[in-house]
Amino acid sequence: MNEKQRHRFLPALAAAFALSACVTTGEVEPLAPGEKPAIDTDEAGLWLQSEKAEKAIRESGRVVTDSELNAYVKDIVCKLEPEYCKDIRLYIVNTPGMNAFMSPSGAMFVWTGTLLRFENEAQLAHLLGHELAHYRLRHRLKKWREMRATSDGLAFFTVATAGVGLFPLTIAGGLAAADSLSSFSRETEREADDIGFERMVAAGYDPQEVVRFWEMTVNEEAESNRVAPSVFFSTHPQSDERQEAIRKRIEELGELSDSLVVGREQYIAQTSRFRRAWLEQEVKYSDFGRSLVVIEQLLEKDPEAGDLYFAKGEILRRRDEEGDLESAADAYAEAVSRVDYPLQAHRSLGLVFWELERKGEAASAFETYLAVSPDADDHLIIRSYIDQLK
């Protein structure tokens, strides 16, 4: 993304996310399929603002355009809310970290970092169902009206977008600025949880995957090295409370059918070709503790994945705390022992051995890298490393 695109995209994304915060206030009827607000209403103004943000995001260069992946995720949306299917505009955004949200006017945004983390279609359906419930129930409008009753709504947008400048020019920074201005109420979240759960079950998905989803996200957040919680967690109530509520809902269902959909094979088939790129984003995210939890949880389901071991090594090497270089070397060794792995693992292994002053092993790793990647862009640099090690 160039500088011009960045300055257009981040404020728009900050504003769009700010609109996703929800607090129930006043009586608002659920949105009917195909319904649009009358032009002379405050809701029409809210839609206009969100559509401007949507346009900037759409033109930012960060939206995933792969038609097959978009069709797959949109199909899940339509299974959950068939009557609203035509009203939803899906955007999968190249961004690390966990989040998804909807604008008041029907734009759904899903982070690629979210797709990286999930293990199956049922887990994704849970998150999408929750966000669709916010949309149907007009929670954004409720929040907007509450804000207008207590402050100048236009000032809110000014602060939300200006706040981006206080953070590094990253999507996460823009979201953090918007997120600091508001939060979800427990009442509203429970309402979205309940309806999202109902729609997920009605669509035939296994609700037990919701418990697994929350276990994964709680484990991840517990190891975060960031002072503030992630965007996803900072706008949601306590996770243990939600896990307990979900377990009770599952108990109320009684004996579950054997035909409920988990959808792991379908999910992996649609997302696996993007995983290396998403892992690279995760490594650069530099929230090392959280990312290591993500990698370990993925390895539980895919223990022979060379790309996961490589990513683990890269995270440990970048963190470089006591013992990390030795652990990184072990992770790279695990990577290159797999059938399919990123060839850069040999180069990274050489760099780690060099740092550990294991010069012979470093030279060997670099030689292997050049043997398997003779046309690598950095082959001259690696050759110079080998010469220095002799």
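Residues numbered from 1 in each chain as written. Predicted model: local features only at pLDDT ≥ 70, side-chain atom pairs only at ≥ 80, totals over all residues. Heavy atoms only, no water.

Counting its secondary structure elements, the chain contains 20 helices and three strands. The buried share of the chain, reckoned over its 390 residues, is 54%. The contacts of the chain with a sequence gap of at least 6 include a subset with a gap of at least 24, amounting to 72%. As presented, the chain carries roughly 17,600 Å² of accessible surface, and 49% of it is formed by carbon and sulfur atoms. (Helix = DSSP H or I, 4+ residues; strand = E, 2+ residues; numbered from the N terminus. Buried < 20%, exposed > 50% of the residue type's maximum accessible area, 1.4 Å probe, protein only. Contact = heavy atoms within 4.5 Å. Areas by Shrake-Rupley, 256 points an atom, 1.4 Å probe, with all protein chains shown as cover.)

Attention now goes to the packing of aromatic side chains. Following the criterion strictly, the structure yields twelve aromatic pairs and no others. Taking 6.3 Å as the distance between ring centres and 80° as the angle between the ring planes, the aromatic pair formed by Tyr 84 and Tyr 135 counts as edge-to-face. One end of the pair, Tyr 84, is in the loop between helix H3 (67-80) and strand S1 (89-93); the other, Tyr 135, is in helix H5 (residues 121-136), and 51 residues separate them in sequence. Per residue, the accessibility class of Tyr 84 equals that of Tyr 135, and both read buried. An angle of 80° between the planes, with centres 5.0 Å apart, marks the rings of Phe 213 and Trp 214 as edge-to-face. Just as Phe 213 is buried, Trp 214 falls in that class too. (Phe/Tyr/Trp six-rings, centres within 6.5 Å; stacked < 30°, edge-to-face > 60°.)

The next point concerns the state of the cysteines. Under the criterion given, the structure shown has one disulfide. Residue Cys 78 pairs covalently with Cys 85 via a disulfide, S to S 1.8 Å. When the S-S torsion is 50°, as for the bridge of Cys 78 with Cys 85, the disulfide is right-handed. Each member of the pair Cys 78 and Cys 85 is classed as buried. (Disulfide = S-S within 2.5 Å.)

Moving on: the nonpolar core. Core analysis: the largest hydrophobic core is formed by 75 residues, its most contacted members being Met 108 and Leu 128. Counting residues per element, this core draws most heavily on H5, at seven residues. When near neighbours in sequence (up to four residues on either side) are disregarded, Leu 128 contacts Val 73, Ile 76, Val 77, Leu 80, Met 108 and Val 110. (Core = buried A, V, L, I, M, F, W, Y, C linked by side-chain atoms within 4.5 Å.)

Among the residues of helix H14 (residues 275-285), Arg 275, Trp 278, Leu 279, Gln 281, Glu 282, Val 283 and Tyr 285 are the ones counted as buried. Two residues or fewer past H14, Ser 286 is found with a positive phi of approximately 65°.

Moving on to the confidence of the model for the chain. Across the chain, pLDDT averages 84, with 81% of residues at or above 70. Predicted confidence is poor over residues 19-25, with pLDDT under 50, and the contacts of this stretch with residues over four places away or in other chains come to 37 contacts. In the model, residues 153-183 has pLDDT below 50 throughout and makes 58 contacts with residues more than four positions away in sequence or in other chains. (pLDDT = per-residue confidence, 0-100.)

Next up on the list: the packing of helix H18 (residues 344-355) against helix H19 (residues 359-372). Where H18 contacts H19, the two axes come as close as 8 Å, and the packing angle between them is 165°. Taken together, the axis directions place H18 and H19 in an arrangement best described as roughly antiparallel. Seen along the crossing, H18 lies across H19 with a hand that is left-handed. From H18, Gln 344, His 346, Arg 347, Leu 349, Gly 350, Leu 351, Phe 353 and Trp 354 reach across to H19, where they touch Glu 361, Ala 362, Ala 365, Phe 366, Thr 368, Tyr 369 and Val 372. The residue inventory of the contact of H18 with H19, partitioned by class, reads nine nonpolar, four polar and two charged. (Axes fitted to C-alpha atoms, helices over the stretch in contact; angles between N-to-C directions. Parallel < 35°, antiparallel > 145°, perpendicular 65-115°, else oblique. Left-handed = near helix turned anticlockwise from the far one by under 90°. Nonpolar A, V, L, I, M, F, W, Y, C, P; charged D, E, K, R; others polar.)

The sheet built from three strands is open, its strands ordered S1-S3-S2 with mixed pairing. The sheet is open, and its two borders are formed by S1 and strand S2 (100-102), each paired with just one other strand. Neighbour-to-neighbour, the strand axes of the sheet open up by a mean angle of 15°, direction not taken into account. Both S2 and strand S3 (residues 107-111) contribute to a ladder of three bridges, which runs antiparallel. Bridging across to S3, Met 102 finds its partner in Met 108. Strands in contact with H3 are S1 and S3; relative to S1, the strand with the most contacts, it is inclined by about 130°. Set on the sheet, H5 makes contact with S2 and S3; between it and S2 the angle comes to about 25°. (Pairing = 2+ DSSP bridges.)

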